[in-house]
Structures are given as C-alpha cells and as structure tokens.
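Each chain is listed here by its residues.
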Amino acid sequence: MKKLLYLLLVLPFTMMISSCSSDKDLPNVDITMSFDNAAVKDGKVYVLAEDVFSITGLTTKSVDSNQQSAIANVYYFWNGIPAPGLTWSNFPMEINMADMPLVENGANALGLKATILETDKSIAYAVFDIPVVAVENEESLPDGVQLGECQFTLRTAQSSK
C-alpha cells in the first residue's frame, strides 16, 4: 500500500517534466518585408533622410515544407530604441525619416521583434536588425538604385536539407 501511495505522490511531478514536442524543432521560415519609397541593394534598405517611406507588408513562407506559417506580436525599433508609432499596426505603416533620430554616417537599424509560428513546430521568438541607410538626396544612392517598391527577405534558421 505504501508503494502505491508513493507512486501516486510522484505521478504529478513526472507529468510536469514531460514535454509534448522537441524545443529543437523550431520554425524555418522566410520573412519578407515589403517597402514603398525605398530601395534594397547589398542587404541594405536605402531611403531619403527627409522623406517618408512605408512598410507595406510582412509575410512568412515555410522553407523546408508546405506547412503554414505566421508572424505575430510584431514590435519595431529604431536604432535599438522602441519607436513610438512603430509597434504592430495595419499596413501601410509610414515612417517619417525627418522625425527619426539618425546616425551620423546614415547607417541606421530598423529592428523587428516577433513571434514566429509554423505548423507542427515549436513557437519561436525572433529579433532582426535591418540596415537602413538614410541618404540626403537621390544622387547619393548607389549606382543603378531607384526608390520605389521593394522587398527585403530574412530567414529565421538555416535549411536542414
């Protein structure tokens, strides 16, 4: 009888340490940000220092499978500081560069903190910094770069295949 009582006492603790899935099975998705009035070249987003550019969309796509994926609880930062008005909102989300504190050399960072979800995977949290170069005028853009609609893609993990 004492053995049965011990077993009944230990049973709740064993259930507390069991897990449903592996924490190593994290989402592997591409996150694509769409911009307007910006340009992308060599892994950097170029904008005019005194202009407004927009984030027009944020989408995810599974890399290793046809599973559904999503991004949630998105927060934006400007040069590491939570930016007022840059938390999750409906698109398009306009960013007035004249109101943003700019780094002297023009190399700024648009930060993104979010929850990443993919079917049959563990929930993951991601933090990205997107380099944003603020230039004085269009003549200061790199050769062959024109402002307009563009996309910037980030990957949450390396492909396991």
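Here the structure is a predicted model, which means the values were calculated and not measured.

**Observations regarding a nonpolar patch on the surface**
Stage number 1. On the surface, Leu-117, Ile-123 and Tyr-125 cluster together into a nonpolar patch covering about 340 Å² of accessible area.
Stage number 2. The residue Tyr-125 is located in strand β8 (residues 124–135) in this model.
Stage number 3. Classification of Tyr-125 by relative accessible area gives exposed; the value is 66%.

**Let's talk about the pattern of salt bridges**
Stage number 1. Summed over all chains, the structure comprises two salt bridges.
Stage number 2. Across the pair Lys-121 and Asp-25 runs a salt bridge, and its minimum N-O distance is 3.5 Å. Residue Lys-121 is located in the loop between β7 (107–118) and β8, and its partner Asp-25 is located in the loop between α1 (2–17) and β1 (29–41); the two are separated by 96 residues in the primary sequence.
Stage number 3. When its relative accessible area of 26% is taken as the criterion, Lys-121 is described as partly exposed.

**With respect to the nonpolar core**
Stage number 1. Grouped together as the largest cluster of nonpolar side chains are 32 residues, with contacts concentrated most on Phe-35, Tyr-76 and Leu-110.
Stage number 2. Here this core takes six residues from β8, the largest share from any one element.
Stage number 3. If near-sequence neighbours (up to four positions away) are discounted, Phe-35 is found in contact with Val-45, Phe-53, Ser-54, Ile-55, Thr-56, Leu-110, Gly-148, Glu-149, Cys-150 and Phe-152.

**Examining the pairing of β7**
Stage number 1. Of all twelve residues that make up β7, nine are buried, and the element is covered over most of its length.
Stage number 2. Sheet topology note: the strand β4 (residues 69–78)/β7 ladder contains eight bridges and is antiparallel. Within β7, the position partnered with Trp-78 by the bridge is Leu-110.
Stage number 3. Direction of pairing for β7 relative to β8: antiparallel, over a ladder of ten bridges.

**Thoughts on the side chain of Asn-28**
Stage number 1. Of note, Asn-28 is situated in the loop between α1 and β1.
Stage number 2. Overall, the relative accessible area of 3% leaves Asn-28 in the buried class.
Stage number 3. For Asn-28, the side chain forms a polar contact with the side chain of Asp-64, separated by 2.8 Å.

**Here we look at the pairing of strand β3 (residues 52–62)**
Stage number 1. Alignment of β1 against β3, held across eight bridges, turns out to be antiparallel. Its bridge partner being in β3, Ile-31 is matched across the sheet by Thr-60.
Stage number 2. Where β3 and strand β6 (residues 93–96) come together, four bridges link them in antiparallel fashion. Across the sheet, residue Ile-55 finds its bridge partner in β6, namely Met-93.

Thresholds applied
- Residues numbered from 1 in each chain as written.
- Predicted model: local features only at pLDDT ≥ 70, side-chain atom pairs only at ≥ 80, totals over all residues.
- Heavy atoms only, no water.
- Patch = residues over 30% accessible without salt bridge, like charges linked within 9 Å, V, L, I, M, F, W, Y side chains within 5 Å.
- Areas by Shrake-Rupley, 256 points an atom, 1.4 Å probe, with all protein chains shown as cover.
- Salt bridge = Lys/Arg side-chain N within 4 Å of Asp/Glu carboxyl O.
- Helix = DSSP H or I, 4+ residues; strand = E, 2+ residues; numbered from the N terminus.
- Buried < 20%, exposed > 50% of the residue type's maximum accessible area, 1.4 Å probe, protein only.
- Core = buried A, V, L, I, M, F, W, Y, C linked by side-chain atoms within 4.5 Å.
- Contact = heavy atoms within 4.5 Å.
- Pairing = 2+ DSSP bridges.
- Polar contact = N/O pair within 3.5 Å; in protein donor to acceptor, adjacent residues only side chain to side chain.

Read these as spatial facts, not as claims about activity.
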